[in-house]
Amino acid sequence: MDLNQLTITLAHDGLLKKEFSSRELTQAYLAAIKRLDPSIHAFITVMEEGALRQADAADAVFASGEATELTGIPLAIKDNILIDGIAATSGSKVLENYVATYDATVISRLKKSGAVFLGKANQDEFAMGSSTENSAYEKTANPWDPSRVPGGSSGGSAAAVAAGMCLGALGSDTGGSIRQPAAFCGVVGVKPTYGRVSRYGLSALASSLDQIGPLAKTVMDAARVLQAISGQDGRDPTTQAVGDMNLSKVTQDIRGIKIGVPKEYFIEGMDPDIKKAIDQAMEKFQELGAEIQEVQLPLTKYALAVYYLTVTSEVSANLARYDGIRYGLSAHDTAKNLAEVYSRSREQGLGAETKRRIILGTYTLSAGYYDQYYVKAQKVRQMIMQEFDRVFRQVDCLLTPTTPSVAFSFGEKFSDPLMMYLSDIYTVPANIGGICGISIPCGFTRGLPIGMQIMGKSFDEETILRVAYAYEQSTDWHTRQPKVR
């Protein structure tokens with residue numbers, strides 16, 4: 001049995017039947033990391049000793065008969081999510097020497113579930129990017145084609161799942177940073193509703209947009225991880241008490257489900273093979289008994305502008321703490337005065353994209369421009385949220401491409417920030433609207449995966465998981481795996 005080809009569901013069944021132990025399962029994934037990661041670069045930190053201790057503890061839990069569905073399951077964790085006693089760089093040199101002193105809420109919940117943490121996954125610096133080329137450490141390669149990016153900013157998490165270096169992973173999604181790499185790497189990625197999953201212990205990028213979510217090989221695997229990390233948290237007042245998801249509903253058929261297709265998402269410049277794959281997916285949904293209905297989201301064209309005005313403003317505020325005095329790398333040894341401490345620390349510790357967004361956000365929030373840019377963006381944001389509310393009174397969910405193209409080559413968009421920002425054109429509206437979304441594989445072109453996005457109303461993850469599961473079970477795209485060496 002090849003343990004690296006299992007899903008979470010199959011691994012859990014094998015552990016229950018004692019076909020293998022959690023230690024054996026964990027060792028198989030640690031061996032895969034040692035073999036594959038020198039070329040993939042999905043991990044910043046590998047937690048071998050800690051993972052084996054957690055695996056041994058999980059085996060003891062299985063012996064007691066009290067295991068959960070995630071007990072003994074090896075996972076990767078994006079490096080901006082804190083694990084007590086483990087380095088958390090957020091992909092930045094400014095936090096190169098930072099070791100977390102507490103667990104993020106999602107980590108506490110996964111520990112309670114008995115999950116095993118293999119290591120911290122690579123990412124764009126402070127989650128700013130769509131390719132993982134902005135990491136201060138390594139550029140993660142796409143397991144389907146190492147000359148191409150895995151997407152971002154959760155590129156390390158997606159690549160680790162796709163390459164068989166973990167059974168599942170956590171990422172964070174501010175404008176598509178789970179869904180876009182999931183699409184590029186041919187795995188499943190879920191962006192939960194804002195407020196379903198606690199952000200406590202997540203290094204902040206844009207506090208009104210950030211959400212932690214799972215990446216996995218199958219819809220049900222992702223649903224199980226999402227269930228484990230969800231719930232109200234007193235340390236994050238934006239979380240809401242909405243109750244647990246009913247995962248039994250995920251496997252129900254979709255006869256009568258109304259799926260909206262917004263015409264604004266099928267724009268000029270989209271890869272024609274992606275449009276063809278989405279068209280074929282619509283036919284499959286109709287075969288499964290769903291109703292396809294064209295809908296209009298005319299404010300979609302403003303979502304990207306609203307997003308970048310909002311995200312840069314919040315970046316400017318959130319990253320002000322990394323000044324060489326309060327937090328992060330400090331250049332005080334070579335600075336002549338306080339102003340030089342600030343400037344040199346940030347110059348040495350922060351990358352070009354992070355500096356770019358801080359500058360743009362500071363400008364947006366400055367006197368004379370705050371009302372003109374930031375306030376106006378928030379007004380349009382409210383209009384976009386209202387537009388989603390209107391559409392979801394007509395349909396149960398929305399179907400779109402996840403990305404306008406498949407994974408692009410390293411360097412192809414790196415020197416053109418605008419082209420890079422356009423990679424998120426289909427994913428940012430869900431963050432602006434605070435709704436949920438999932439990306440699942442729906443085809444291939446030129447040997448590269450195509451992702452399909454399903455968006456749902458706030459706190460209706462059950463519906464998007466149900467629709468995604470029905471499609472997944474009627475196709476074989478999710479069973480295809482890259483041939484990594």
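All values derive from a computational prediction rather than experimental measurement.

Participant: What's the story with the overall build of the protein in this structure? I'm lost.
Facilitator: Scanning the protein from N- to C-terminus turns up 15 helices and eleven strands. Computed over its C-alpha atoms, the radius of gyration of the protein comes to 21 Å, within 12% of the 23 Å expected for a compact globule of 485 residues. Structurally, the protein occupies a C-alpha span of about 65 × 55 × 45 Å along its principal axes. The buried share among the 485 residues of the protein stands at 60%. A separation of at least 24 residues holds for 76% of the contacts in the protein among residues at least 6 apart in sequence.

Participant: Just checking my understanding: could you explain helix α8 (residues 272-287) for this structure?
Facilitator: Since the α-helix turns once every 3.6 residues, residues separated by three or four places project in the same direction. Its 16 residues place the ends of α8 23 Å apart at the C-alpha level, agreeing with the 22 Å of an ideal helix rising 1.5 Å per residue. For α8, the set of buried residues is Ile-274, Ala-277, Ile-278, Ala-281, Met-282 and Phe-285. An end-on view of α8 places all buried positions within 145° of arc, on one side of the element. Seen from the open side of α8, the exposed residues pointing more than 90 degrees away from its buried face are Pro-272 and Glu-287. Of the residues that open α8, the one with a side-chain oxygen 2.8 Å from the backbone nitrogen of Asp-273 is Asp-271. Just downstream of α8, Gly-289 is the residue with a positive phi angle, here 100°.

Participant: Can you help me understand the pairing of strand β5 (residues 188-191) in this one?
Facilitator: A regular strand carries its side chains on alternate faces of the sheet. On β5, burial covers both faces: Val-188 and Val-190 on one face and Gly-189 and Lys-191 on the other are all buried. One ladder, built from two bridges, connects β5 with strand β6 (residues 211-216); its direction is antiparallel. Each bridged residue has a counterpart across the sheet, and for Gly-189 the counterpart in β6 is Leu-215. Inspection of the sheet shows β5 paired to strand β10 (residues 436-445) by three bridges, in the antiparallel sense. Each bridged residue has a counterpart across the sheet, and for Lys-191 the counterpart in β10 is Gly-437.

Participant: Explain the layout of surface pockets here, please?
Facilitator: As a volume, the largest pocket reaches approximately 420 Å³. Considering the residues around the largest pocket, the lining is formed by 15 residues, among which Leu-82, Tyr-102, Ser-203, Arg-321 and Tyr-322 are closest to the centre. A class-by-class count of the residues in the lining of the largest pocket yields nine nonpolar, three polar and three charged.

Participant: Help me out: how do you make sense of the pattern of salt bridges in this one?
Facilitator: Side-chain pairs of opposite charge can arise where the charged atoms are in close proximity. Considering all chains together, one arrives at 23 salt bridges under this definition. In this structure, the salt-bridge partner of Asp-56 is Arg-23, at a minimum N-O distance of 2.8 Å. Of the two residues, Asp-56 is situated in helix α3 (residues 48-64) and Arg-23 in helix α2 (residues 22-40); the sequence distance between them amounts to 33 residues. A residue is classified by how much of its surface remains accessible, and Arg-23, at 29% relative accessible area, is partly exposed. Notably, a salt bridge pairs Lys-249 with Glu-462, separated by 3.7 Å at the nearest N-O pair. Here Lys-249 is found in the loop between α7 (219-229) and β7 (258-262), whereas its partner Glu-462 is found in helix α15 (residues 461-473), with 213 residues between them in sequence.

Participant: So what exactly am I meant to see when it comes to the state of the cysteines here?
Facilitator: A covalent bond between the sulfur atoms of two cysteines is referred to as a disulfide. Taken as a whole and assessed by the stated rule, the structure comprises zero disulfides. Of all cysteine sulfurs in the structure, the one in Cys-185 sits closest to Cys-166, which takes part in no disulfide; the separation is 11 Å. Residue classification places Cys-166 among the buried residues on the basis of a relative accessible area of 0%.

Participant: How do you make sense of unusual backbone geometry when you look at a structure like this?
Facilitator: Apart from glycine, the bulk of residues carry a negative phi angle, and the bulk of peptide bonds sit in the trans form. The residue after Gly-152, namely Ser-153, is reached through a cis peptide bond having omega 5°. Within the chain, Lys-18 stands out as a residue other than glycine whose phi angle is a positive 60°. If you trace the backbone, Lys-18 turns up in the loop between α1 (8-16) and α2. The backbone phi angle of Thr-132 is positive, close to 65°, even though this residue is not glycine.

Participant: What exactly am I supposed to notice about empty space enclosed by the protein here?
Facilitator: One simple way to see leftover space: roll a probe sized like a water molecule over the atoms. Summed over all chains, the structure comprises three cavities of 30 Å³ or more. Of the volumes computed, that of the largest cavity is approximately 60 Å³. Lining the largest cavity are 13 residues, and of these Ala-127, Gly-129, Ser-177, Tyr-307 and Asp-424 sit closest to its centre. When grouped by side-chain class, the residues that make up the lining of the largest cavity number five nonpolar, six polar and two charged. Estimates place the volume of the second largest cavity at around 40 Å³. If you trace the second largest cavity, you find it lined by Val-188, Ile-440, Pro-441, Tyr-471, Glu-472, Thr-475, Trp-477 and His-478. Secondary structure elements with two or more residues in the lining of the second largest cavity: β10 and α15. In terms of residue class, the lining of the second largest cavity is built from five nonpolar, two polar and one charged.

Participant: Please clarify how the packing of α2 against α3 should be interpreted in this entry.
Facilitator: Two numbers describe a pair of packed helices, the interaxial angle and the distance between the axes. Contact geometry for α2 and α3: axes closest at 8 Å, N-to-C directions at 160°. Taken together, the axis directions place α2 and α3 in an arrangement best described as roughly antiparallel. As for the relative orientation of α2 and α3, their crossing is right-handed in sense. Contact residues: Ser-22, Arg-23, Thr-26, Gln-27, Leu-30 and Lys-34 in α2; Glu-48, Ala-51, Leu-52, Ala-55, Asp-56, Ala-58 and Asp-59 in α3. Its residues placed into classes, the contact of α2 with α3 shows five nonpolar, three polar and five charged.

Participant: Would you take a moment to explain the pairing of strand β2 (residues 74-78) for this structure?
Facilitator: Taken across its five residues, β2 has five buried, putting it largely inside the fold. Residues Pro-74, Ala-76 and Lys-78 point to one face of β2 and Leu-75 and Ile-77 to the other, with burial holding for every one of them. Bridging between β2 and strand β3 (residues 116-121) involves five bridges; their strand directions are parallel. The residue bridging Leu-75 from the neighbouring strand is Phe-117, located in β3. Assessed by its sense of winding, the connection that carries the chain from β2 through helix α4 (residues 105-113) to β3 is right-handed. Where β2 and strand β4 (residues 168-173) come together, three bridges link them in parallel fashion. Bridge pairing links Ile-77 to Leu-170 in β4.

Parameters and conventions
- Residues numbered from 1 in each chain as written.
- Predicted model: local features only at pLDDT ≥ 70, side-chain atom pairs only at ≥ 80, totals over all residues.
- Heavy atoms only, no water.
- Helix = DSSP H or I, 4+ residues; strand = E, 2+ residues; numbered from the N terminus.
- Rg over C-alpha atoms; globule rule 2.2 N^0.38 Å.
- Buried < 20%, exposed > 50% of the residue type's maximum accessible area, 1.4 Å probe, protein only.
- Contact = heavy atoms within 4.5 Å.
- Expected span 1.5 Å × (residues − 1).
- Arc of directions from axis to C-beta.
- Polar contact = N/O pair within 3.5 Å; in protein donor to acceptor, adjacent residues only side chain to side chain.
- Pairing = 2+ DSSP bridges.
- 1 Å grid on protein atoms, 1.4 Å probe; cavity = no way out; pocket = protein on both sides within 12 Å on 5 of 7 lines; lining within 4 Å.
- Points joined across faces, edges and corners; volume = space filled by probe spheres on them.
- Nonpolar A, V, L, I, M, F, W, Y, C, P; charged D, E, K, R; others polar.
- Salt bridge = Lys/Arg side-chain N within 4 Å of Asp/Glu carboxyl O.
- Disulfide = S-S within 2.5 Å.
- Axes fitted to C-alpha atoms, helices over the stretch in contact; angles between N-to-C directions.
- Parallel < 35°, antiparallel > 145°, perpendicular 65-115°, else oblique.
- Left-handed = near helix turned anticlockwise from the far one by under 90°.
- Right-handed = clockwise from strand over helix to strand, strands pointing away.

Treat this as a map of the structure, not an account of what it does.
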